[in-house]
Amino acid sequence: MNWSDAITLGSTYGIEMKYRYNAKFVEIQYGGTLPDGVGFGAGTNGYEFPSMPEEFLPGSNIRQPIFCPGNGNKLCIRIYPWATDKWSIAPGSMGLTSVPEYIAGTFVYARR
C-alpha cells in the first residue's frame with residue numbers, strides 16, 4: 001500500500017499540519033513551536049487549520065491529545081467531521097494561556 005507525499009494543510013500559531021494518504025488510511029502530521037501567550041478558552045473550538053478535502057475527513061469525531069508538558073498536557077488536535085471540515089488545536093477541557101513549547105506528533109485513521 002503506497003502512501004502519497006505529505007500535503008501541507010496549513011498552519012496556525014506556529015504549528016504546521018500536513019497529511020498523507022493511501023487507499024484506506026490518512027496520516028496526520030503536525031509540529032512547530034507554540035508561542036507564548038496564546039489564549040485557549042474552555043469549551044471553544046480553539047484555533048483552526050484550513051479546510052481539509054472531504055474525501056480525507058474521518059468517519060467520526062477525533063480528539064487526539066497533544067503531548068505538551070509545558071502546557072499541562074491540556075491541548076488536543078480535534079475534528080468533528082459532521083460539523084466542520086477543519087482540524088483545530090483546542091483545549092482538552094480547561095482553558096489555558098500557552099507558554100512557548102515545541103510540539104509534534106502523528107496519528108492515523110481510516111478513510112470514510
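Refer to the structure printed above.
Residues numbered from 1 in each chain as written. Predicted model: local features only at pLDDT ≥ 70, side-chain atom pairs only at ≥ 80, totals over all residues. Heavy atoms only, no water.

Student: Break down the sheet that holds strand β3 (residues 25-34) for me, with residues and values.
Tutor: Two orientations exist for strands paired in a sheet by backbone hydrogen bonds: parallel and antiparallel. Strand order in this open sheet of four strands is β1-β2-β3-β10, and the pairing throughout is antiparallel. Of all the strands in the sheet, just β1 (7-12) and β10 (101-110) have a single pairing partner and so form its edges. Adjacent strand axes in the sheet meet at a mean angle of 15° when their direction is disregarded. Two elements, β3 and β10, share ten bridges in a ladder whose sense is antiparallel. (Pairing = 2+ DSSP bridges. Helix = DSSP H or I, 4+ residues; strand = E, 2+ residues; numbered from the N terminus. Axes fitted to C-alpha atoms, helices over the stretch in contact; angles between N-to-C directions.)

Student: An account of the side chain of N71 is needed here, citing residue identities and associated values.
Tutor: Here N71 is to be found in the loop between β6 (62-65) and β7 (75-79). Residue class for N71 comes out buried when judged on its relative accessible area of 6%. Here N71 is in contact with L34, L96, T97, S98, V99 and E101, once residues within four sequence places are set aside. (Buried < 20%, exposed > 50% of the residue type's maximum accessible area, 1.4 Å probe, protein only. Contact = heavy atoms within 4.5 Å.)

Student: Tell me about the packing of aromatic side chains, and please be specific about residues and values.
Tutor: How two aromatic rings sit relative to each other is set out by the distance from centre to centre and by the angle between their planes. Across all of its chains, the model carries six aromatic pairs by this definition. A centroid spacing of 5.9 Å and a plane angle of 40° characterise the contact between W87 and Y109, whose relative ring orientation is tilted. A residue pair is termed long-range when its members are at least 10 positions apart, and W87 in strand β8 (residues 86-91) and Y109 in strand β10 qualify at 22 residues. Taken together, the aromatic side chains of Y13, F40 and Y47 make up a single cluster linked through ring pairs. Positioned over the ring face of W3 is R20, at 4.6 Å from the centre of the ring. Seen from the ring of W82, R112 lies directly overhead, with NZ or CZ sitting 4.4 Å from the centre. (Phe/Tyr/Trp six-rings, centres within 6.5 Å; stacked < 30°, edge-to-face > 60°. Lys NZ or Arg CZ within 6 Å of the ring centre and 35° of its normal.)

Student: Could you give an account of the pattern of salt bridges, with specific residues and numbers?
Tutor: A full pass over the atoms with the stated rule returns four salt bridges. In this structure, K86 engages E48 in a salt bridge whose closest nitrogen and oxygen atoms are separated by 4.0 Å. In this pair, K86 is assigned in strand β8 and E48 in strand β5 (residues 47-51), connecting sequence segments 38 residues apart. Among the residues examined, E48 registers a relative accessible area of 37% and is labelled partly exposed. (Salt bridge = Lys/Arg side-chain N within 4 Å of Asp/Glu carboxyl O.)

Student: Lay out unusual backbone geometry with the relevant residues and their values.
Tutor: The phi dihedral of Y13 falls on the positive side, at around 45°, and the residue is not glycine. Here Y13 is to be found in the loop between β1 and β2 (15-21). Y13 sits in the partly exposed class, given a relative accessible area of 42%. Unusually for a residue other than glycine, N73 sits at a positive phi of about 50°. Looking at the secondary structure, you find N73 in the loop between β6 and β7.

Student: Which residues make up the sheet that holds β6, and what are the values?
Tutor: With respect to topology, four strands assemble into an open sheet ordered β5-β8-β7-β6, the strand pairing being antiparallel. Every interior strand has two partners, whereas the edge strands, β5 and β6, have only one. Sheet twist, expressed as the average angle between the axes of neighbouring strands with direction ignored, equals 20°. Judged from the four bridges that link them, β7 and β8 form a sheet pairing that is antiparallel. Along β8, the bridge assignment pairs C76 with A90.

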